[in-house]
Number of protein chains: 2
Amino acid sequence: MEKNEKPYAATDLGIFRFAENMLQVYLVRLKMSPFPGKYSLPGALLQYDEDMAQAAERVYREATGQEAALFEQVYTFSAPNRDIRHRSISTAYMAFPQGDIDDFRPCDKYDFGGWFNAAEMSGLAYDHDEILALTRDRIAAKLNYTTIALLLLPKEFTLTEMQRLYEHCLERTLDKRNFRKKILSMEIVTPTGKMLRGQKARPAMLYQAVDRKMEMIPLFR
Amino acid sequence: MEKNEKPYAATDLGIFRFAENMLQVYLVRLKMSPFPGKYSLPGALLQYDEDMAQAAERVYREATGQEAALFEQVYTFSAPNRDIRHRSISTAYMAFPQGDIDDFRPCDKYDFGGWFNAAEMSGLAYDHDEILALTRDRIAAKLNYTTIALLLLPKEFTLTEMQRLYEHCLERTLDKRNFRKKILSMEIVTPTGKMLRGQKARPAMLYQAVDRKMEMIPLFR
DNA sequence: TGACTTAGTGTAAATTTTACAATATAATCC
DNA sequence: GGATTATATTGTAAAATTTACACTAAGTCA
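What counts and what doesn't
Residues numbered from 1 in each chain as written. Chains lettered and ligands numbered in written order. Predicted model: local features only at pLDDT ≥ 70, side-chain atom pairs only at ≥ 80, totals over all residues. Heavy atoms only, no water. Domains from an automatic or database assignment. Contact = heavy atoms within 4.5 Å. Buried area = accessible area lost by both parts, 1.4 Å probe. Salt bridge = Lys/Arg side-chain N within 4 Å of Asp/Glu carboxyl O. Polar contact = N/O pair within 3.5 Å; in protein donor to acceptor, adjacent residues only side chain to side chain. Nonpolar A, V, L, I, M, F, W, Y, C, P; charged D, E, K, R; others polar. Near = heavy atom within 4 Å. Helix = DSSP H or I, 4+ residues; strand = E, 2+ residues; numbered from the N terminus. 1 Å grid on protein atoms, 1.4 Å probe; cavity = no way out; pocket = protein on both sides within 12 Å on 5 of 7 lines; lining within 4 Å. Points joined across faces, edges and corners; volume = space filled by probe spheres on them. Expected span 1.5 Å × (residues − 1). Buried < 20%, exposed > 50% of the residue type's maximum accessible area, 1.4 Å probe, protein only. Pairing = 2+ DSSP bridges. Phe/Tyr/Trp six-rings, centres within 6.5 Å; stacked < 30°, edge-to-face > 60°. Lys NZ or Arg CZ within 6 Å of the ring centre and 35° of its normal. Patch = residues over 30% accessible without salt bridge, like charges linked within 9 Å, V, L, I, M, F, W, Y side chains within 5 Å. Areas by Shrake-Rupley, 256 points an atom, 1.4 Å probe, with all protein chains shown as cover. Lys, Arg positive; Asp, Glu negative; His and termini not counted. Charge placed at Lys NZ, Arg CZ, Asp CG, Glu CD. Core = buried A, V, L, I, M, F, W, Y, C linked by side-chain atoms within 4.5 Å.

Draft legend 1. Main features of the domain arrangement of chain A. All names here are of chain A. Split into domains, chain A comes out as domain 1 (8-143) and domain 2 (149-209). Computed over C-alpha atoms only, the centres of domain 1 and domain 2 are separated by 27 Å. Contacts between domain 1 and domain 2 engage eleven residues on the former and 13 residues on the latter. When residues of domain 1 are sorted by the area they lose upon contact with domain 2, F18, N21 and L143 head the list and together hold 59% of the total. Applying the counting criterion to the domain 1 and domain 2 interface returns zero salt bridges. Here domain 1 and domain 2 share two residue pairs in polar contact (both at pLDDT 80 or more) between them. When the residues that make up the side of domain 1 that touches domain 2 are grouped by side-chain class, the tally is eight nonpolar, two polar and one charged.

Draft legend 2. Region of the structure containing the protein's contact with DNA strand D. Neighbouring residues of DNA strand D: 23 residues in total, closest K200 of chain A together with K176, R180, K181 and M205 of chain B. What you see for DNA strand D is that sugar and phosphate hold 44% of its atoms within 4 Å of the protein. A distance of 2.9 Å separates a base nitrogen of DNA strand D from a polar side-chain atom of N178 of chain A. With respect to DNA strand D, the side chain of R202 of chain B contributes an N or O atom lying 3.1 Å from a base nitrogen. Contributing elements (two or more residues each) for the surface near DNA strand D: helix 5 (176-186) of chain A together with helix 5 (176-186) and strand 10 (204-209) of chain B. Taken together, the residues of the surface near DNA strand D break down into six nonpolar, three polar and 14 charged.

Draft legend 3. Region of interest: empty space enclosed by the protein. Residues and elements named next belong to chain A. A full pass over the atoms with the stated rule returns one cavity of 30 Å³ or more. A volume near 30 Å³ is recorded for the largest cavity. What lines the largest cavity is simply D12, L13, G14, F16, L41, A92, Y93, I131, L132 and T135. Broken down by secondary-structure element, the contributors of at least two residues to the lining of the largest cavity are strand 1 (8-19), strand 6 (88-97) and helix 2 (128-143). In terms of residues, the lining of the largest cavity owes the most to one element, strand 1, which gives four residues. Among the residues making up the lining of the largest cavity, the classes are represented as seven nonpolar, two polar and one charged.

Draft legend 4. Seen up close, helix 2 (residues 128-143) of chain B. Here helix 2 of chain B spans 22 Å end to end across 16 residues, near enough to the 22 Å set by a 1.5 Å rise per residue. H128, I131, L132, T135, I139, A140, A141, K142 and L143 of chain B are the residues of helix 2 of chain B that are buried.

Draft legend 5. The arrangement of the sheet that holds strand 8 (residues 156-157) of chain B in detail. Residues and elements named next belong to chain B. Strand order in the open sheet formed by three strands is 8-10-9, and the pairing between neighbours is antiparallel. For this open sheet the edge positions go to strand 8 and strand 9 (189-196), each flanked by a neighbour on one side alone. In this sheet, strand 10 lies alongside strand 8 in antiparallel orientation, the contact comprising two bridges. Bridge pairing links F157 to Y207 in strand 10.

Draft legend 6. Spatial organisation of the packing of aromatic side chains. Tallying each qualifying case throughout the model produces 21 aromatic pairs over all chains. Each ring, one from Y75 of chain A and one from F77 of chain A, has its centre 5.0 Å from the other, and the planes form 70°; the classification is edge-to-face. On the basis of relative accessible area, F77 of chain A is assigned to the buried category, the value being 5%. The structure contains a cluster of three or more aromatic residues connected by ring pairs, namely Y26, Y60, F71, F104 and W115 of chain A. A cation over a ring is seen here: K6 of chain B above Y8 of chain A, with NZ or CZ 4.5 Å from the ring centre.

Draft legend 7. Quick look at a positive patch on the surface. All names here are of chain A. A contiguous patch of positive charge, built from R164, K176, R177 and K181, is present on the exposed surface. Considering every element that reaches the positive patch, the biggest residue donor is helix 5, with three residues. Locating K181 in the fold gives a position in helix 5. On the basis of relative accessibility, which here comes to 55%, the residue K181 falls in the exposed class.

Draft legend 8. Spatial organisation of the protein's contact with DNA strand C. Near DNA strand C, the surroundings consist of 23 residues, among which R180, A201 and M205 of chain A together with Q199 and R202 of chain B are the closest. For DNA strand C, the fraction of protein-proximal atoms (within 4 Å) that sit in sugar or phosphate groups is 45%. In the environment of DNA strand C, a phosphate oxygen lies 2.3 Å from a nitrogen or oxygen atom belonging to the side chain of R180 of chain A. A distance of 3.1 Å separates a base nitrogen of DNA strand C from a polar side-chain atom of R202 of chain A.

Draft legend 9. Quick look at the nonpolar core. Residues L13 of chain A together with L13 of chain B are the most contacted members of the largest nonpolar core, which totals 48 residues. Once residues within four sequence positions are removed from consideration, L13 of chain A is found in contact with L41, P42, A56, V59, Y60, F71, Y93, M94 and A95 of chain A.

Draft legend 10. Up close: the interface of chain A and chain B. On the side of chain B, 39 residues touch chain A, which itself brings 39 residues to the contact. Between chain A and chain B the total buried area reaches about 3,400 Å² when both faces are included, carbon and sulfur atoms providing 63% of it. Where chain A packs against chain B, one counts two salt bridges. Linking chain A to chain B there are 15 residue pairs in polar contact (both at pLDDT 80 or more). Those elements that provide at least two residues to the side of chain A that touches chain B are strand 1, strand 5 (69-77), strand 6, helix 2 and helix 4 (159-170) of chain A. Residues belonging to the side of chain A that touches chain B are distributed by class as follows: 22 nonpolar, six polar and eleven charged.

Written as structure tokens, this is what we have:
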């Protein structure tokens, strides 16, 4: 930006879920310059009557056609050259879909929207590689001291799926019996009574979150 | 802001220490409108050649006359009406002084600067009551899963001081023997060999941080 | 129906956490 | 300088949690 010119204020949104044994992020393909055809996190400029959280919610609607999600502010990116068109600062949010994930349909700002393996994406528009990397790190950190796993999993999930989420994001294996004992002792999930059938082997009990929100796990009990 | 007008970008800084058995925040008194005579967190508009972290470091220099500190981004505040003069969004940082705390001298933007009990301040300019409250909450949360205590304490401190920091910020008492056992077992502090003398009673061993930075305390070891 | 795949479970040892009280060392006050 | 006061420092036994570890159960698939 020129001296004394104000930067644009924007928000970029990392929409995440754990599915197909991956941490997946929902990316959109840009139609317009400066990166036509490139993938990016959905984003938008802040509007005059919104705060950042509202802007993030609007971006969620634009990118998915859906409403229900939980949002969490992550970080504000402000490097002077992070946007080649003009100076802009972007406040990144994470979003966790609550409603029907399979009906996502981006608005016509975008060419396409879809789920990708968050660990393998690069070459995104703007500084979105960096935003994605920091947001992934934040998710991994939060797995250690919050119940963020409940937001990444679908409404109903097996304990094996939950364990795979931890193992993939923390990049380590965990003992199956000890993991189950620990999660069950926290009383954050409850069995639905339904079984996940049609897999290759023995059906697994489906669980659901007791309370589908992110809570701190205390150090001193 | 008017439609299509860009907001100002700013940063506000919560400078913290634990001293005199309190979590203290360094506040400045404003000379100019719109809040002459009111206390506030030190802050400034983002300049064209800076990112937010650099702006926060500049604000630290302006407010204290000192250089050495550690910074941590906290949250970006963006309510449309948070600044009565014009729309602005502010990215709040926490700062932890590293150098000589007793030589703080604010630049002439400010009338006065001094340390206050962070738990008791209200009536600050702008939305700084809210920024301060959220930042205090963040510090309390981080005491539970990071070594942020090392940044709040002076270079040399007693284990009793450290325990008081936890007790004040977490608003609960902790057993003295168990606290010391736990902290020492973490191997994040080491005795200096020097004693704190001149108190009312038996001198206490002074400790220092092994590594004066904020690190995560892992959930799964 | 036999082979394969994933779900689900228990226990003993080690470690950590918790609850709890007496002694040590200085300053202060007569 | 002796008594009093205030805070620092330390250990242990019980409880709880964590860890390491391997087999059976219940489906699918060829």
